[in-house]
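Residue strings, one per chain:
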Amino acid sequence: MIDPLLLTTAPIFTFEQQRRLTNASGFFFERGSRLFVVTSRHVMIDRPSRHFPDRIEIELHVDSENIARSTGFSIPLYRQGRSLWRQGMDSAGEIDVAVIEIERNALPQGTVYRAFNPEHLCRPDEHVEVGSSILIVGFPLGFHDTLHHLPVVRQAGLASSFGLRFQGEGYFLTDARTHRGGSGGPVVIRVKDKTEGVDGLPWQLLGVHSARLDVGTRDRQLDEARGLNCAWYADILLKLTEA
């Protein structure tokens, strides 16, 4: 009875050796026989805040009959001094998306998850109307169903023209109340006129939630926050997961 969308997304905890640093969100993406965890690039490394973890840990469900059973799964970020994740670049600079591959053989026996794949991405000729109702899945401020280890979903609206790079950057805008810890979560829209979708996952993957957008001349005492967020276009995953 669990919506498969909730099984696509897992909490991410960053560590420097045994010292826990931050928490974020991430989701699974398959490319052929390969499996990746997708999150924000600033989860892996963020020089301005001096955030330099050497590993991440994700929480995995390990029993399809008892979804409350879970375990931590550690993924190193470096090997022999070289980073193991991939991050994107385009003509405007760095893209705040990163992927790291998971060795399927290393997953605990009975691991339960759902993964997006390239067929869940929007085709270039598909139109998503501005103002469309979309969802952001994740773990805002670490909040989630602590018994069943499942994320929460925030309602959002598409706040800029989908397909156009907002201000020349590789992202579009969403209108939603978001918090730290949600970075790296998937931004999705329900598949229209299809009951099953691709692989029984009736959602299209539009983007990767990054951060709130709060720039300009807002007076922090007089003006409320805009409530706008950056979501990087998910088609960057095709480049980051190439063989």
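Residues numbered from 1 in each chain as written. Predicted model: local features only at pLDDT ≥ 70, side-chain atom pairs only at ≥ 80, totals over all residues. Heavy atoms only, no water.

With respect to the overall build of the protein chain
Quick note on the threshold: Numbering of helices and strands starts at the N terminus; helices are DSSP runs of H or I of at least 4 residues and strands are runs of E of at least 2. Within these notes, the globule rule equals 2.2 Å times the number of residues to the 0.38 power, and the radius of gyration is based on C-alpha atoms. Between buried and exposed lies partly exposed: a residue is buried under 20% and exposed over 50% of the maximum accessible area for its type, with that area taken using a 1.4 Å probe on protein chains only. The charge count includes Lys and Arg as positive and Asp and Glu as negative, but it does not include His or the ends of the chains. The atoms used to mark charge sites are NZ of Lys, CZ of Arg, CG of Asp and CD of Glu.
A tally of helices and strands in the protein chain yields two helices and 15 strands. Its C-alpha atoms give the protein chain a radius of gyration of 17 Å, within 12% of the compact-globule value 18 Å for 243 residues. Across its three principal directions, the C-alpha atoms of the protein chain cover 50 × 45 × 35 Å. The proportion of buried residues among the 243 residues of the protein chain is 49%. If the 27 positive side-chain charges of the protein chain are averaged to one point and the 30 negative ones to another, these points end up 5 Å apart.

Considering the sheet that holds strand β3 (residues 34-39)
Let me state the cut-off plainly: Any two strands with at least two DSSP bridges between them are considered paired. All axes are obtained by fitting lines to C-alpha atoms, using only the stretch in contact for helices, and the reported angles, taken between N-to-C directions, cover 0 to 180 degrees.
One open sheet accounts for seven strands, arranged β5-β4-β1-β2-β3-β9-β8; its pairing is antiparallel. The open sheet is flanked by β5 (70-76) and β8 (86-90), the only strands paired with a single partner. For this sheet, the mean angle separating the axes of adjacent strands, direction not counted, is 35°. Across five bridges, the pairing between β3 and strand β9 (residues 93-102) is antiparallel. Bridging across to β9, L35 finds its partner in I102.

Comments concerning the pattern of salt bridges
Rule in force here: Each salt bridge in this description consists of a side-chain nitrogen of Lys or Arg and a carboxyl oxygen of Asp or Glu lying within 4 Å of one another.
The final tally for this structure, using the stated rule, is six salt bridges. A salt bridge links E94 to R41; the shortest N-O distance between them is 3.4 Å. With E94 in strand β9 and R41 in helix α1 (residues 41-44), this residue pair connects regions lying 53 residues apart in the sequence. Taking the relative accessible area as the measure of exposure, E94 reaches 41% and is therefore partly exposed. Residue R41 is classed as buried on the basis of its relative accessible area, which comes to 14%. Of the charged contacts, one joins E57 and R55 as a salt bridge, the two residues approaching to 3.7 Å between their closest N and O atoms. A relative accessible area of 23% places E57 in the partly exposed class. Take R55: its relative accessible area is 14%, and that puts it in the buried class.

Considerations on the environment of E126
To be explicit about the condition: Here, two residues are considered to be in contact whenever any of their heavy atoms come within 4.5 Å of each other.
Tracing the chain through its elements places E126 in the loop between β9 and β10 (133-138). With relative accessibility at 25%, the residue E126 sits in the partly exposed group. Spatially, the C-alpha atoms of E126 and F162 are 9.9 Å apart, while their sequence positions differ by 36 residues. Beyond its immediate stretch of four places on either side in the chain, E126 contacts L121 and Q204.

Quick word on the packing of aromatic side chains
For clarity, the cut-off: For Phe, Tyr and Trp, rings pair up if their centres lie within 6.5 Å, where Trp contributes its six-membered ring, and each pair is then called stacked (planes under 30 degrees apart), edge-to-face (over 60) or tilted (otherwise). Note on geometry: a ring has a charge over it if NZ (lysine) or CZ (arginine) is within 6 Å of the ring centre and within 35 degrees of the ring normal.
Under the counting rule described, the total for this entry stands at seven aromatic pairs. Taking the centre distance of 5.2 Å and the plane angle of 45° together, the rings of F28 and Y113 count as tilted. Separated by 85 residues along the polypeptide, F28 in strand β2 (residues 19-31) and Y113 in the loop between β9 and β10 bring together distant segments of the chain. Overall, F28 belongs to the buried group, its relative accessible area being 5%. With centroids separated by 5.2 Å and ring planes inclined at 65°, the aromatic side chains of F162 and Y233 adopt a geometry described as edge-to-face. Of this pair, F162 sits in the loop between β11 (152-158) and β12 (171-175) while Y233 sits in strand β15 (residues 228-233), and the two are 71 residues apart along the sequence. Looking at Y233, the relative accessible area reads 11%, which means it is buried. Of the aromatic side chains, those joined through ring pairs into one cluster are F162, F172 and Y233. Here R55 stacks its cationic end above the ring of F15, 4.1 Å away from the centre of that ring. We note R190 situated over the ring of W203; from NZ or CZ to the ring centre the distance is 5.1 Å.

Thoughts on the confidence of the model for the protein chain
To be explicit about the condition: pLDDT expresses, on a scale from 0 to 100, how confident the predictor is about each individual residue.
Per-residue confidence for the protein chain gives a mean pLDDT of 86, with 91% of residues at or over 70. Across the protein chain, element-level confidence peaks in β3 with a mean pLDDT of 96 and bottoms out in β8 with 84.

Here we look at empty space enclosed by the protein
The condition that has to hold: The definitions used throughout rest on a 1 Å grid laid over the protein atoms alone, on which a cavity is an enclosed set of points accommodating a 1.4 Å probe that cannot get out and a pocket is an open set flanked by protein within 12 Å on both sides along at least five of seven lines; lining residues are those having an atom within 4 Å of a point. Grid points are joined across faces, edges and corners, and a volume is the space filled by probe spheres set on the points. When residue character is reported, Ala, Val, Leu, Ile, Met, Phe, Trp, Tyr, Cys and Pro are called nonpolar, Asp, Glu, Lys and Arg charged, and the others, Gly included, polar.
Going through the model one piece at a time under the given rule, you end up with two cavities of 30 Å³ or more. For the largest cavity, the calculated volume is near 70 Å³. Around the largest cavity sit I136, V137, G138, F139, P140, R154, R177, T178, H179, G182 and H209, which together line it. Here the lining of the largest cavity gets three residues from one element, more than from any other, and that element is β10. A per-class count over the lining of the largest cavity returns four nonpolar, five polar and two charged. Approximately 60 Å³ is the volume attributed to the second largest cavity. Lining the second largest cavity, in full, are L7, T9, A10, F28, E59, L60, H61, V112 and Y113. Broken down by secondary-structure element, the contributors of at least two residues to the lining of the second largest cavity are β1 (9-16) and β4 (55-61). It is β4 that provides the largest number of residues to the lining of the second largest cavity, a total of three residues. Residue classes in the lining of the second largest cavity are distributed as six nonpolar, two polar and one charged.

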